[in-house]
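Commentary on secondary and tertiary structure
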Amino acid sequence: SQYSAVDTNPLSVYIMQPIWNKIIKIVPLWIAPNLLTFSGFIMILFNYFLISFYDWDYTASGTSPGLVPTWVWLFSAFTTFCAYALDSIDGKHARRTQSSTPLGELFDHGLDSWATSIFVLSFFSVCSRDNGKTGVSVYTMYIYLSIVLFNFMCSHWEKYNTGVLFLPWGYDISQVVLIAAYLLTGTVGVEVWQKPLLFGYYITDLLVILLIGFSLFLSFPQTLYNIHRAHLKKTLKNDSLYEGLLPLVSPLLLFVLLTVWVVLSPSNILAKQPRLFLWMVGVAFSNVICKVIICQMSSTRPELFHWFLFPLALVVYAAISGLLGHMEEAALGVFTALVTAAHVHYGVCVGRQLSEHLNIYIFSLKKRVQE
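Quick look at the structure, then. (Residues numbered from 1 in each chain as written. Predicted model: local features only at pLDDT ≥ 70, side-chain atom pairs only at ≥ 80, totals over all residues. Heavy atoms only, no water.)

Before going further, it helps to examine empty space enclosed by the protein. Going through the model one piece at a time under the given rule, you end up with 3 cavities of 30 Å³ or more. Here the largest cavity defines a volume of roughly 60 Å³. Lining the largest cavity we find L246, P247, S250, P251, V288, K291, V292, P302, E303 and H306. For the lining of the largest cavity, the secondary-structure elements that each account for two or more residues are α9 (241-264) and α11 (274-298). At 4 residues, the largest contribution of residues to the lining of the largest cavity is made by α9. The class makeup of the residues in the lining of the largest cavity is 6 nonpolar, 2 polar and 2 charged. (1 Å grid on protein atoms, 1.4 Å probe; cavity = no way out; pocket = protein on both sides within 12 Å on 5 of 7 lines; lining within 4 Å. Points joined across faces, edges and corners; volume = space filled by probe spheres on them. Helix = DSSP H or I, 4+ residues; strand = E, 2+ residues; numbered from the N terminus. Nonpolar A, V, L, I, M, F, W, Y, C, P; charged D, E, K, R; others polar.)

To continue, consider the layout of surface pockets. When its volume is computed, the second largest pocket comes out at roughly 490 Å³. In this structure, the second largest pocket is lined by 23 residues; those nearest its centre are F107, L111, V344, G347 and V348. Put simply, the parts of the chain that give the lining of the second largest pocket at least two residues each are α2 (33-54), α5 (102-127), α11 and α13 (328-357). Per-element tally for the lining of the second largest pocket: the top contributor is α13, with 8 residues. For the lining of the second largest pocket, the class distribution of residues is 17 nonpolar, 5 polar and 1 charged.

Further remarks concern the packing of aromatic side chains. In the structure shown here, the tally under the stated rule is 27 aromatic pairs. Their ring planes at 40 degrees and their centres at 6.5 Å tell us that F75 and F78 sit as a pair that is tilted. Remark: F78 and F75 occur in helix α4 (residues 70-96); sequence separation between them is 3 residues, near one turn of the helix. Using a relative accessible area of 24% as the deciding quantity, one classes F75 as partly exposed. When the ring of W261 is compared with that of F277, the centres are 5.3 Å apart and the planes differ by 75 degrees; the resulting orientation is edge-to-face. With W261 in helix α9 and F277 in helix α11, the pair connects residues that are 16 residues apart, well separated along the chain. Overall, the relative accessible area of 0% leaves W261 in the buried class. F277 gets classed as buried once you look at its relative accessible area, which sits at 0%. Across from the ring centre of Y58, 4.1 Å away, lies the NZ or CZ of R275, which sits over that ring. (Phe/Tyr/Trp six-rings, centres within 6.5 Å; stacked < 30°, edge-to-face > 60°. Buried < 20%, exposed > 50% of the residue type's maximum accessible area, 1.4 Å probe, protein only. Lys NZ or Arg CZ within 6 Å of the ring centre and 35° of its normal.)

Across the interface, α11 lies against α13 with an axial gap of 9 Å and an inter-helix angle of 30 degrees. The angle between the axes of α11 and α13 places the two elements in the roughly parallel class. The handedness of the crossing between α11 and α13 is left-handed. Facing α11, whose interface residues are L276, F277, W279, M280, V283, A284, S286, N287, C290, K291 and I294, α13 presents L332, G333, F335, T336, V339, T340, H343, Y346 and V350. Its residues placed into classes, the contact of α11 with α13 shows 13 nonpolar, 6 polar and 1 charged. (Axes fitted to C-alpha atoms, helices over the stretch in contact; angles between N-to-C directions. Parallel < 35°, antiparallel > 145°, perpendicular 65-115°, else oblique. Left-handed = near helix turned anticlockwise from the far one by under 90°. Contact = heavy atoms within 4.5 Å.)

This part covers the environment of L365. Its place among the elements puts L365 in the segment after α13. Considering only alpha carbons, one finds L365 and I31, 334 residues apart in sequence, at a separation of 7.1 Å. For L365, the residues in contact, after removing those within four places along its chain, are L29, W30, I31, A32, P33, T97 and S99.

Our next topic: α5. With 26 residues, α5 should cover 38 Å at 1.5 Å per step; its first-to-last C-alpha distance of 38 Å lies within 8% of that length. Considering bend angle alone, the principal kink of α5 is centred on W114 and spans about 30 degrees. For α5, the buried fraction is high: 25 of the 26 residues fall into the buried class. Just downstream of α5 lies S128, where phi reads positive at about 60 degrees. (Expected span 1.5 Å × (residues − 1). Bend = angle between axes of the 7 residues up to and from the residue.)

A grouping of Y242, L253, L304, F305, W307 and F310 is seen on the molecular surface, where their side chains present a nonpolar patch of about 600 Å² in accessible area. With respect to the helices and strands, the residue Y242 is situated in helix α9. (Patch = residues over 30% accessible without salt bridge, like charges linked within 9 Å, V, L, I, M, F, W, Y side chains within 5 Å. Areas by Shrake-Rupley, 256 points an atom, 1.4 Å probe, with all protein chains shown as cover. Salt bridge = Lys/Arg side-chain N within 4 Å of Asp/Glu carboxyl O.)

With that settled, consider α9. Taking 1.5 Å as the rise per residue, α9 with 24 residues should run 34 Å; its terminal C-alpha atoms sit 33 Å apart, in good agreement. Where α9 bends most, at P247, the angle is about 35 degrees. Listing the buried residues of α9 in full gives E243, G244, L246, P247, L248, S250, P251, L254, L257, L258, W261 and V262. For α9, the secondary structure elements touched by its buried residues are α6 (138-162), α10 (269-272), α11, α12 (309-320) and α13.

Keep in mind these numbers describe shape, not what the thing actually does.
Structure (structure tokens):
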């Protein structure tokens with residue numbers, strides 16, 4: 001299927017696109033577009049682990065404001081900008097080098113589906129978790145992450161039904177806000193997040209309100225409207241309601257299972273291991289969404305239940321029934337490691353299969369020699 005995306009965001013169209021068009025000219029023509037995509041992702045990952053090293057349990061900003069060095073915040077602003085730039089120019093570069101492929105599209109969206117949660121998890125270190133005076137509760141973090149992932153899911157569910165990816169306005173805005181937040185933290189210090197800004201509200205409160213407002217009143221209605229419009233024009237990919245809603249079943253069940261674990265956990269797992277738990281949420285979500293992206297690209301039907309849901313259901317049942325006892329944290333650790341390994345393995349396998357099928361290399365523009 002021919003890739004089609006629509007971008008109507010004024011920030012993107014009038015400010016960012018002209019910047020990307022200048023940056024793209026620097027990129028040598030022999031560089032493979034997937035290399036740009038992947039480099040951006042590696043920077044986001046590296047940055048995430050760097051922040052995790054200084055602030056494993058999301059308390060540094062609240063309890064000991066000097067704990068994360070200033071250079072880390074400035075480095076975060078730099079890596080976020082670079083990843084944003086690379087993610088924005090990879091498609092342009094592919095068209096420039098006439099190397100646009102389904103593999104490139106999947107690579108881009110697949111890594112984006114994972115990066116989305118990593119951006120959010122890195123940002124939580126800025127505002128820190130609730131310590132009675134300032135910060136955000138771990139439950140707010142979980143809801144915040146879920147809303148961002150819900151938004152991501154919506155745009156791909158929409159593409160599954162309409163064949164067009166309407167780029168969500170929230171993407172460019174969130175990237176610019178993230179970069180600004182890191183720069184602000186690096187220059188002024190984390191204290192800026194701990195003083196009320198307006199009417200006793202903190203910056204973090206305003207960001208949460210903005211995010212929820214954007215999602216529920218802008219992104220989601222827009223998705224439904226675009227699907228409705230395609231329905232009227234008779235350009236919908238799926239005729240039945242069942243077919244159209246099928247890709248939502250696994251992500252929603254995933255969310256239900258995770259929320260049950262959060263709410264009913266005997267040891268209050270989210271408060272004990274927020275970083276581990278939220279990372280697991282992001283990885284599991286990314287894998288579920290990658291399946292939807294592949295189905296949408298290959299015009300195949302997604303399965304009703306993603307396989308991750310079965311082991312997850314078992315772990316959640318064992319945890320909330322008290323079967324795990326003191327082993328709940330250990331079980332979360334093992335499950336997180338397995339899910340992450342499975343996701344990486346899945347990505348490598350799909351990449352290999354597609355590169356063989358399309359007769360191209362993933363990270364090089366050289367053509368494969370036909371055997």
